[in-house]
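# Structural description and commentary
Next come the chains, spelled out residue by residue.
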Amino acid sequence: MNVRVLALQDKIPSTYAPYSEMPFFYPLGFHLIAVHITRIISFVPDYLVLWGMGLGFIALFFMLLFFVFKKFKLSENHAVLAAAALCSSISIQFYFFTGLYPVLFAIDIILIGLLFLFEHEMLAWVFFPIAILIHPAIGLIGYALVIVWTITQGEWKRMLIPLVGSMLLTFPAWPLYESFLRFHAVKEWAAVQSIDFGII
């Protein structure tokens, strides 16, 4: 529905009109990309485009996990098995079958950032703000992983300035997510439950 609402307007919507008057709350990063892809290949139904993107994110998730596990000195066979186990987990399947593609996309972005971080590449610090833009909750988890990794490696002196700089890059995104951060409010959740999803 987020993609269809964005497709109907040439600006960031304030509500889910014409489907609902509920405030538009969901993170925009993924859907702004998705709506342009659906316009480029308009001959394919939008839900199939999103489904295909979700499959692509899971495939990328598997490959990235494989390389992450290799960084932790696992053999290729063990890395493949560990990556396959995580890809087939209930959480990943839940995200895919419920259409939470931004979560999958943000996880992939974080894994790419971690791989660059393990190689001590400064480019790593760009990926975590991107993850925040895609999905703020997952992006924050990414930063938590970075902080834990920094503490365990004892590299605070080298990592502190890039970490703070990367966090500062996220500030412009937060005003976009005011409604998302307020989404725990009972009235807004009740509004979601009241939508007739059969019309979508």
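Owing to the predicted nature of the structure, the values given are computational and were not obtained by experimental measurement. (Residues numbered from 1 in each chain as written. Predicted model: local features only at pLDDT ≥ 70, side-chain atom pairs only at ≥ 80, totals over all residues. Heavy atoms only, no water.)

### Describing the overall build of the protein
- Of regular secondary structure, the protein possesses 11 helices and 0 strands.
- Counting from the amino terminus, helix and strand elements in the protein follow one another as α-α-α-α-α-α-α-α-α-α-α.
- Taking all 200 residues of the protein together, 43% fall into the buried category.
- Expressed as a percentage of contacts within the protein between residues at least 6 apart in sequence, the contacts between residues at least 24 apart total 56%.
- Carbon and sulfur atoms provide 71% of the accessible area of the protein, an area that totals close to 11200 Å². (Helix = DSSP H or I, 4+ residues; strand = E, 2+ residues; numbered from the N terminus. Buried < 20%, exposed > 50% of the residue type's maximum accessible area, 1.4 Å probe, protein only. Contact = heavy atoms within 4.5 Å. Areas by Shrake-Rupley, 256 points an atom, 1.4 Å probe, with all protein chains shown as cover.)

### Some thoughts on the environment of G113
- Checked against the element boundaries, G113 lands in helix α6 (residues 101–118).
- Judged by relative accessible area, which is 0%, G113 ranks as buried.
- The spatial distance from the C-alpha of G113 to the C-alpha of I130 is 9.7 Å, given a sequence separation of 17 residues.
- Setting aside its immediate chain neighbours within four residues, G113 contacts A124, F127 and F128.

### Some points on unusual backbone geometry
- Of note in this structure, K73 is not a glycine but carries a positive phi near 70 degrees.
- By the element assignment, K73 lies in the loop between α3 (46–71) and α4 (76–87).
- Using a relative accessible area of 76% as the deciding quantity, one classes K73 as exposed.

### Side note on the side chain of T38
- Inspection of the secondary structure puts T38 in helix α2 (residues 29–40).
- Look at T38 and you get buried, because its relative accessible area is 10%.
- Reaching out from T38, the side chain makes a polar contact with the backbone oxygen of V35 at a distance of 2.7 Å.
- If we ignore the near neighbours within four places in the chain, the residues touching T38 are V3, D46 and V49. (Polar contact = N/O pair within 3.5 Å; in protein donor to acceptor, adjacent residues only side chain to side chain.)

### A few points about the packing of aromatic side chains
- Within this structure, the stated rule accounts for 14 aromatic pairs.
- Centre to centre, the rings of W51 and F96 are 6.0 Å apart; their planes meet at 45 degrees, and the pair counts as tilted. Placement of W51 in helix α3 and of F96 in helix α5 (residues 90–97) is noted, with a sequence separation of 45 residues between them.
- Judged by relative accessible area, which is 5%, F96 ranks as buried.
- Geometrically, the ring pair formed by F96 and Y101 is edge-to-face, given 6.1 Å between the ring centres and 65 degrees between the ring planes.
- Put simply, the rings of F30, W51, F57, F96, F97, Y101 and F105 touch in pairs and so form one group of aromatic residues. (Phe/Tyr/Trp six-rings, centres within 6.5 Å; stacked < 30°, edge-to-face > 60°.)

Purely geometric stuff here, so don't read any function into it on its own.
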